[in-house]
Amino acid sequence: MSDVENGTKGNTGDFNFPKSSSNGDNNRTPRNKKKRVRPLNPNNDGGAKIIIALLAGAGAAFLLSLLLLMSRLESQEFENGLLNSNVGGAQGVDDTLYEEQQEMGGVLPLPNGAWRKQHDLMQQQQKGQQQIATERQSKLLEKIKMFKDSNVDKMNKFNKFFGANPLDPVMKDAHKELDRMQDVLEGKQKNDKPMKKLDLHEQLADAVHKKEEEKKKQKAARKKELGIVDNVALKQGDKVAVISDEDAPHLQPHFPPLPPHTMSVELFGEKIITDTLSHNKPTMAGIIAILQRFLQNLHQFLKDHRDSKAPTVINEYFALVTKYLVPLEEAYRDKPVFPIREDGSIFMSLGAYRDHLLGETLRQAFKNAASPDKLFVGAVVQNCFGIDVTCRTGVEVKGQDEHGRPITKISDREPDVNGIEQFCDDPEYTKYCDSGQIRALYVNETESNGPTTARYFASKLWGGETYFLQADAHLRFAPEWDRLYTEEAKAAKSYPKAVLSAYPPGFSEGDPPYKGGTVGTRLCTCAFSTSNVEHHIIRINTGGTCGENANAPTQIAYIAAGFFFARAEFLTDVPFDPFLPWCFMGEEIALSLRAWTNGWDIYAPRKNLIAHQYRPGRMGLPKFWENTGRVFGRPGPGFNTQLQSISLKRVKYMVGYKDTTKEALEDLGHSVVLTDFQHYGPGETRTMDEFLEHVNIDIEKEQCGNIKWCNKCLMD
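Residues numbered from 1 in each chain as written. Predicted model: local features only at pLDDT ≥ 70, side-chain atom pairs only at ≥ 80, totals over all residues. Heavy atoms only, no water.

*Asks:* Sorry, what's going on with the overall build of the chain here?
*Replies:* Along its length, the chain carries 25 helices and 17 strands. With 716 residues in all, the chain has 54% of them scored as buried. Of all intrachain contacts in the chain linking residues separated by at least 6 positions in sequence, the fraction that spans at least 24 positions is 80%. (Helix = DSSP H or I, 4+ residues; strand = E, 2+ residues; numbered from the N terminus. Buried < 20%, exposed > 50% of the residue type's maximum accessible area, 1.4 Å probe, protein only. Contact = heavy atoms within 4.5 Å.)

*Asks:* Just checking my understanding: could you explain the pairing of strand β5 (residues 396-400) for this structure?
*Replies:* Each regular strand carries side chains that alternate between the two faces of the sheet. Judged from the 4 bridges that link them, β5 and strand β6 (residues 406-409) form a sheet pairing that is antiparallel. Across the sheet, residue Val-397 finds its bridge partner in β6, namely Thr-408. (Pairing = 2+ DSSP bridges.)

*Asks:* What am I meant to see in the packing of aromatic side chains here?
*Replies:* For any two aromatic rings, the description comes down to two numbers: the centre-to-centre distance and the angle of the planes. Applying the stated rule across the entire model yields 29 aromatic pairs. With centroids separated by 5.2 Å and ring planes inclined at 50 degrees, the aromatic side chains of Phe-564 and Phe-570 adopt a geometry described as tilted. When the ring of Trp-582 is compared with that of Phe-632, the centres are 6.3 Å apart and the planes differ by 65 degrees; the resulting orientation is edge-to-face. In this pair, Trp-582 sits in the loop between α18 (569-573) and α19 (587-597) while Phe-632 sits in the loop between α20 (624-631) and α21 (638-655), placing the two residues 50 residues apart along the sequence. The class for Trp-582 is buried, based on a relative accessible area of 2%. (Phe/Tyr/Trp six-rings, centres within 6.5 Å; stacked < 30°, edge-to-face > 60°.)

*Asks:* Just checking my understanding: could you explain α21 for this structure?
*Replies:* In an α-helix, one turn spans 3.6 residues; hence positions three or four apart end up facing the same way. With 18 residues, α21 extends 25 Å from end C-alpha to end C-alpha; this agrees with the ideal 26 Å at 1.5 Å per step. Of all the bends in α21, the greatest measures close to 30 degrees and is centred on Lys-649. With its phi angle positive at about 100 degrees, Gly-656 sits one or two positions after the end of α21. (Expected span 1.5 Å × (residues − 1). Bend = angle between axes of the 7 residues up to and from the residue.)

*Asks:* How should the sheet that holds strand β3 (residues 346-353) be read in this particular structure?
*Replies:* Within a beta sheet, neighbouring strands are joined by backbone hydrogen bonds and run either parallel or antiparallel to one another. The 7 strands lie next to each other as β7-β4-β3-β8-β13-β10-β14, forming an open sheet whose pairing is mixed. In the strand order of this sheet, the two ends are held by β7 (438-444) and β14 (601-603), each with one partner. Across this sheet, the average inter-strand angle for adjacent strands is 20 degrees, counted without regard to direction. Here strand β10 (residues 498-501) runs beside β14; their pairing, made up of 3 bridges, is parallel. (Axes fitted to C-alpha atoms, helices over the stretch in contact; angles between N-to-C directions.)

*Asks:* Mind showing me how you'd approach the state of the cysteines here?
*Replies:* Here, disulfide denotes a covalent bond that connects the sulfur atoms of two cysteines. With the rule as written, the count across this model stands at 5 disulfides. Residue Cys-524 pairs covalently with Cys-710 via a disulfide, S to S 1.9 Å. Around the S-S axis, the bridge from Cys-524 to Cys-710 shows a dihedral of about -75 degrees and counts as left-handed. One end of the pair, Cys-524, is in the loop between β10 and β11 (525-528); the other, Cys-710, is in helix α25 (residues 708-711), with 186 residues separating them in the sequence. Look at Cys-524 and you get buried, because its relative accessible area is 1%. Look at the chain and number its bonded cysteines as they come in the sequence; the links are 1-2, 3-4, 5-9, 6-8, 7-10. (Disulfide = S-S within 2.5 Å.)

*Asks:* What is the right way to read the nonpolar core from this model?
*Replies:* Among soluble globular proteins, nonpolar side chains are generally buried collectively. Phe-294 and Tyr-558 are the most contacted members of the largest nonpolar core, which has 106 residues in total. The element contributing the most residues to this core is helix α10 (residues 284-304), with 12 residues. Excluding its chain neighbours within four sequence positions, the residues that come into contact with Phe-294 are Tyr-317, Leu-320, Val-321, Tyr-324, Leu-325 and Phe-457. (Core = buried A, V, L, I, M, F, W, Y, C linked by side-chain atoms within 4.5 Å.)

*Asks:* Sorry, what's going on with the pattern of salt bridges here?
*Replies:* Side chains that carry opposite charge are capable of pairing whenever their charged atoms lie near each other. Taken as a whole and assessed by the stated rule, the structure comprises 29 salt bridges. Among the ionic pairs, Asp-426 bridges to Arg-363, the shortest N-O distance being 3.2 Å. Residue Asp-426 is located in the loop between α14 (419-425) and α15 (430-434), and its partner Arg-363 is located in helix α13 (residues 358-367); the two are separated by 63 residues in the primary sequence. The salt bridge involving Arg-483 is made with Glu-480; its shortest N-O contact spans 2.6 Å. (Salt bridge = Lys/Arg side-chain N within 4 Å of Asp/Glu carboxyl O.)

In structure tokens form, the structure reads like this:
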């Protein structure tokens, strides 16, 4: 199995996008703040392995190449005089050949003119040997130069991204020796001293040990500052989760949220995957390893299909999902992956696409939670990390032309901030990262293909918590939001099969702290989109309100993908669909239909407890469909629209569009969109036709009617 297949390489990306030709935008100001490796939990036995795994990308490749190159130079090239002569360079070959002749007694005269023939033959042999040595010298010199040029840049990027790492002194020492090799080969320096032997293995062990000792000291100082002994907070209100191995063995071994692109298989071995898939011993580390393996293969898939047409891309993507993700789906079909803990804990699923507010969202969530020790987060961080790609802005409005039309521009920009790092670096919140309450899956922007896929990944980071909350990564939270949402769900008549959902009110970044308490919105209306981009998909919207004095939550028609709250059994009854790539619209009608037909009733919370930053296009924030265009070499949203038009047929078939029957899909050559549909379509508790009648949708006429019971708050 190749490295790509077994998932042991970091998916750091090597899509070389062209730089912007715009004036002045390429002169980016470097960040002043130096990144550093997050201190890791000393109680975790994988500490040293994490540092080695951190170097599995650029660092380990550098060391491996260095070891191989230096080993060859020492074992072979010393023998032929290229590096151990007194003169250095090609002249050293002459010295060596002369010494060998003298050791054999010199050149003796031969009778009958044979001497001249032998002399000429020896000269030819000398020239041949010298030519071979010169060619070897040239190749070695070229190899050293290529090695240095290719790896120095990678290591600079590596250190810029991860910060100082414990192998920096080792790398510096080894690189200095390479410089000396190059000088000797070029004849710039005599090799009057033996080649320096570098015990990289010993230095690596020493560096790792030193780093671990530093981390232990930092950890002890932080615990002392926070008043924490053995992960139990002594200060009132300063709690962290304390879950024993007996209560949740699947959360061990702990997979750290930092640094990005740490590979689970590198830390814990291939067994972490086989146990999860084949031996009914799932672990969070195993789940993450499976997702990382898929992403690694997706990276290669995107490179291989850069020039493919949309139907081919969809067909092959579905095959990739079937190969790498469906085995996980099959292993835990119709049952929870992990036992559900009845401790009132909440899992918050966050899909963050290049989101500068992710770190602040996490701070707000924990700061305002009544029980932060019971809050767990699964974040899918889809960022441009600036490794082998040039990061770009979204479409920014720079002004207006003479006709009043907007002037837009896309520019180069610095790599995205990592919200997980912002949160975990904050001394007030570090404890939540160390205690395993933050789970992160890092996805290069190049592998991002929309919110539906991100939400699927995030749902897999659930670890047995009582409640499941799905939200966007740019939110504000009211005080004690977690307690109030839990109480609101329990107040619904259909609890435990009740889903709370709403479109939260908006906020701007300069607003004062969010207090909550306004009357919640009700998702009671819909419309068939008339946009060519959205292909007549059903879009949901808000309707009437119930006032401030309702005695209990009442039912609504639809679920908003940007916020819903339910018991974790929802994940078993309505598992997230891995077969909806490149979709932006359609997930809400699909989610609503699937939940309701599986016996879940949908409720509007009576009070707003979170606020959402709504992001109009004029903000110029990056969009995933812009990335899709760059990845496939077709700038703009057009190619993503083509891909979405095919994926959306899966949703349209589910809802019953008359032009998207099974026969129609076969005629169009799009029957692949029905892959495993039986597991991600309507449920069996209620029918699809009953749902359409329930929400007053006429699918034949493509019309949404008034839902009186929803707008008037009549159904409890």
